[in-house]
Each structure stands twice: as structure tokens, then as C-alpha cells.
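# Results of the structural survey
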There are 4 protein chains.
Amino acid sequence: MAEPHCDGLHLDPAIREQARQRLLSVRGHVEGVLRMLEKDSVYCVDVLKQIKAIDGALDKVGAMVLRGHLRDHVATAARRGDTEAMVEELMEVLKYR
Amino acid sequence: MAEPHCDGLHLDPAIREQARQRLLSVRGHVEGVLRMLEKDSVYCVDVLKQIKAIDGALDKVGAMVLRGHLRDHVATAARRGDTEAMVEELMEVLKYR
Amino acid sequence: MAEPHCDGLHLDPAIREQARQRLLSVRGHVEGVLRMLEKDSVYCVDVLKQIKAIDGALDKVGAMVLRGHLRDHVATAARRGDTEAMVEELMEVLKYR
Amino acid sequence: MAEPHCDGLHLDPAIREQARQRLLSVRGHVEGVLRMLEKDSVYCVDVLKQIKAIDGALDKVGAMVLRGHLRDHVATAARRGDTEAMVEELMEVLKYR
């Protein structure tokens, strides 16, 4: 849980809006695959390709949020004095990607 | 390209239904993150955690479809005589995961 | 464990030699990073870049071995009658890459 | 490029020594696979398992170096005034892991 930081650190509004737009497109993509999966003639590799594309789109949303986090919250941690907590929390979320 | 196989090789119906159920849950998860992103108090790391969880859920759908593909289509390729095409197509979709 | 297949299924000699050549170069790369790590002026990001490059080189060795395995052993599984074991074993090694 | 930071930012000596120890063990592991690849009876999946294990060991070295970098160099970036450069450089090396 991110408790100690919650009161002060928020996702940058411009990044938040961009992430939302991209995630709307991810949702559309997921719905496309759901429609594919309704057809009994669907071919496995076509589903795998779509899942891989969605994975890539999600990674881009993640990269966008991560960049904002590093810039706005991690780079300022020494000034706030919460470096240790910020680093552990981030390592946890980066773990085994 | 999946062309040469399209007419004969289909995703197993039981796997297709399971994949669909899981993907419905992925869609719900994406919608949850979309709601998070509407709040200006959202914290970056909480978004990153959710994206990571969605990534993991998608990977499970992919693994399910891949297992069925290996069993039903790749393991039978030598019998059908399309080994080379099946392998190249699969390597393409497994690439840099 | 690969026990049931060990007696019959071997890595293709040409792939084995190519994989060996590439892995020799991976070892050289690892030794380069070991030398970097002996200097107290080494910069973290330079180490991370080298580790990423080694990761990529290892993945290429893995892809080469995997392609041969799919072609020579998985695509022929239905003929041998060991599809289930071959698929489970492969899924295990592909898991969360 | 890491140019602007090179003169001041160094990998923490304790982490450097730990990373070196772990990388020595990675080198030993690579040499083990090289020996496997000299035998014509080697089985593909056994090679794939070893490559995956080496990948995991390398990732741990990377995580160790990354944690030190976040703590010692990224968390202090706002104080030094090089946040933008530090973030871009880090995003580059984290990209598609």
C-alpha cells in the first residue's frame, strides 16, 4: 500500500488524461478480442497476436505513468525525506516484468 | 501470416469459453483503472500496480490459448506436413515477451 | 523433469553449435561487465545497459533452441504419442518470460 | 547517453561488490551451459531451463543496481537539478524489459 504518500503525491493531470485515453483504446481492443472469441472459427495464433498487442499498449500506459512518477515523486524524494519508502514501493511494482 | 491454416485449425471450444470468461474479467479490471484515472487524487504507483495485475491476467489468457495451440495444432504439425509454417508463426508471436 | 524424452530427443547439432558460439559471446560480455564492476567510477546506468544487452543476447540463444525444439520435438509429438508431456514441459519453461 | 552525470554519480561500493559476486556466479552458470552444449545428447528443454535460470539471476543483479541508482541518484535529482536527464536515461534502460 502507498499510504504514507497518498496525501501529497498525485498523478500529473496531463499524464492522467493521456493514460485514460490510451486505456479507453485498450478496452476497445479487449472488446475486439472478446468478439473474436465468440466465433468458433477463431484461430489460436490470431488471439495470441491480439493479446500481445494489448500487452504492448498496456506497457505504454505503464511507461507513461512511470515516467511521471519518477519525475514528480521519485526525483524529489531526497527533498521530502522519504527516499527509502519511495524506492521500495517502486521496486515492488517493477519486480519481475 | 496464419493464412495456410485458417480453414482447418480452430481454438478448442472449452478453452475459447474459458479465455472469454477471463477476458471479461480483464475488461472489468481495465474499467476499474479507468475509474481510478478520473480522480485527481489518484497515486501513480496504485495505477502501476493495477496495470501490472492486468498484464498478469492477460498473460494467463495467453498461456491458456498457447497450451491449446501447442496441443491441438503444433504437436500435430508433422502429421499434417506444415511444421515449418507452424513454427515460424508461433516464434513470431512468442518473440520478445 | 524431462526424463521420459531424454533417451530420444536431442538438440539439433547445427543449432547446438550456433547456440554454443553465441553463448561464448555472452560469456565474454559478462566478463566485460565484471571488469566494469572493478572500477569505483562505474555508473549504474552503464551497468544496467550492459545487463539488458546480455539479457537480449541470452534471449536469442533461447529462441534458437526453442525453434529447434518446436520443429524437431513438439511438431512430432502426436506421432510419438507424448503430446501431453511435451506441452506441459514446454509451458513450464515458457512460463512468465 | 550518461555523459552529464558521469563525473559525479557512481555505483555504491557495497552494491558494486555484491553485483560482482552475483555476476561471477552468472558466469559460472553460463560456463555450465557451454559444457552442456558440448554433448550431443543434450536435450533442448534442459538448455531452455538453464537459460531461464541465468536470465533470472541477471535480473537480480539488475534489480540490485537499479535499487541503488534510484536511491543514490534518482531520488536526489531534484536537488541536483538534472531530473529530466536522469528520468529519460532511466526510462531508456527500463524500456521493454
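Structure: above.
Per chain, the residues get numbers from 1 upward, laid out in the order the sequence is written. Ligands are numbered from 1 and chains lettered from A, in the order in which they are written. Per-residue local features are limited, in this predicted model, to residues with pLDDT of at least 70; the limit for side-chain atom pairs, both in listing and counting, is 80 or more; totals at the level of whole chains, interfaces and linings are taken over all residues. Remark: hydrogens and water are excluded; side-chain values derive from all non-hydrogen atoms of the structure.

## Description of the pattern of salt bridges
Test applied: Between Lys or Arg on one side and Asp or Glu on the other, a salt bridge is scored when a side-chain nitrogen of the former is within 4 Å of a carboxyl oxygen of the latter. The numbering of helices and of strands both runs from the N terminus, where a helix is a DSSP run of H or I of at least 4 residues and a strand a run of E of at least 2. Throughout this description, buried means an accessible area under 20% of the type-specific maximum (1.4 Å probe, protein chains only), exposed means over 50%, and partly exposed covers the range between.
Scanning the entire structure with this criterion turns up 28 salt bridges over all chains. In this structure, Arg67 of chain C engages Glu88 of chain B in a salt bridge whose closest nitrogen and oxygen atoms are separated by 2.8 Å. Taken together, the residues Arg67 of chain C in helix 3 (residues 44–74) and Glu88 of chain B in helix 4 (residues 83–94) connect one chain to another. The partner of Glu17 of chain C in a salt bridge is Arg20 of chain C, with the nearest N and O atoms 3.3 Å apart. Taken together, the residues span about one helical turn, with Glu17 of chain C and Arg20 of chain C both in helix 2 (residues 13–36) at a distance of three residues. Classification of Glu17 of chain C by relative accessible area gives partly exposed; the value is 38%. Relative accessible area serves as the criterion here: at 19%, Arg20 of chain C is assigned to the buried category. A single network of salt bridges, built from pairs that share partners, joins Asp12, Arg71 and Asp72 of chain A.

## With respect to the relation of the copies chain A and chain D
Stated formally: Copy-to-copy alignment: least squares on C-alpha atoms, limited to residues at pLDDT 70 or above in both.
Structural alignment of chain A on chain D gives an RMSD of 0.0 Å, achieved by rotating through 180° and translating 0.0 Å along the axis. The two molecules are tied by a two-fold rotation axis, judged by turn and shift. The rotation axis passes nearest to the C-alpha of Ala75 of chain A in chain A, at a distance of 2.1 Å.

## Considering the side chain of His69 of chain B
In plain terms, the rule: Only heavy atoms matter for contacts: two residues are in contact if any of them lie within 4.5 Å across the pair.
Residue placement: His69 of chain B occurs in helix 2 (residues 44–74). Residue classification places His69 of chain B among the buried positions, given a relative accessible area of 0%. When residues no more than four places from it in sequence are discounted, the contact partners of His69 of chain B are Tyr43, Cys44 and Val45 of chain A together with Val74, Met86, Glu89 and Leu90 of chain B.

## Points about the interface of chain A and chain D
To be explicit about the condition: Buried area: the accessible surface (1.4 Å probe) lost by two parts on joining, summed over both. Pairing of N or O atoms within 3.5 Å defines a polar contact, subject to two protein rules: one partner must be a possible hydrogen donor and the other a possible acceptor, and residues neighboring in sequence count only if both atoms are side-chain atoms. Nonpolar residues are Ala, Val, Leu, Ile, Met, Phe, Trp, Tyr, Cys and Pro. Charged residues are Asp, Glu, Lys and Arg, and all others, Gly as well, are polar.
Counting from both sides, the interface comprises 18 residues of chain A and, opposite them, 18 residues of chain D. When the buried area of chain A at its contact with chain D is split by residue, Arg67, Ala75 and Met91 of chain A rank highest and sum to 32% of it. At the junction of chain A and chain D, the tally comes to two salt bridges. Along the contact surface separating chain A from chain D lie four residue pairs in polar contact (both at pLDDT 80 or more). Elements that contribute at least two residues to the side of chain A that touches chain D include exactly helix 3 (44–74), helix 4 (77–80) and helix 5 (83–94) of chain A. Across the side of chain A that touches chain D, the residue classes break down as 11 nonpolar, two polar and five charged.

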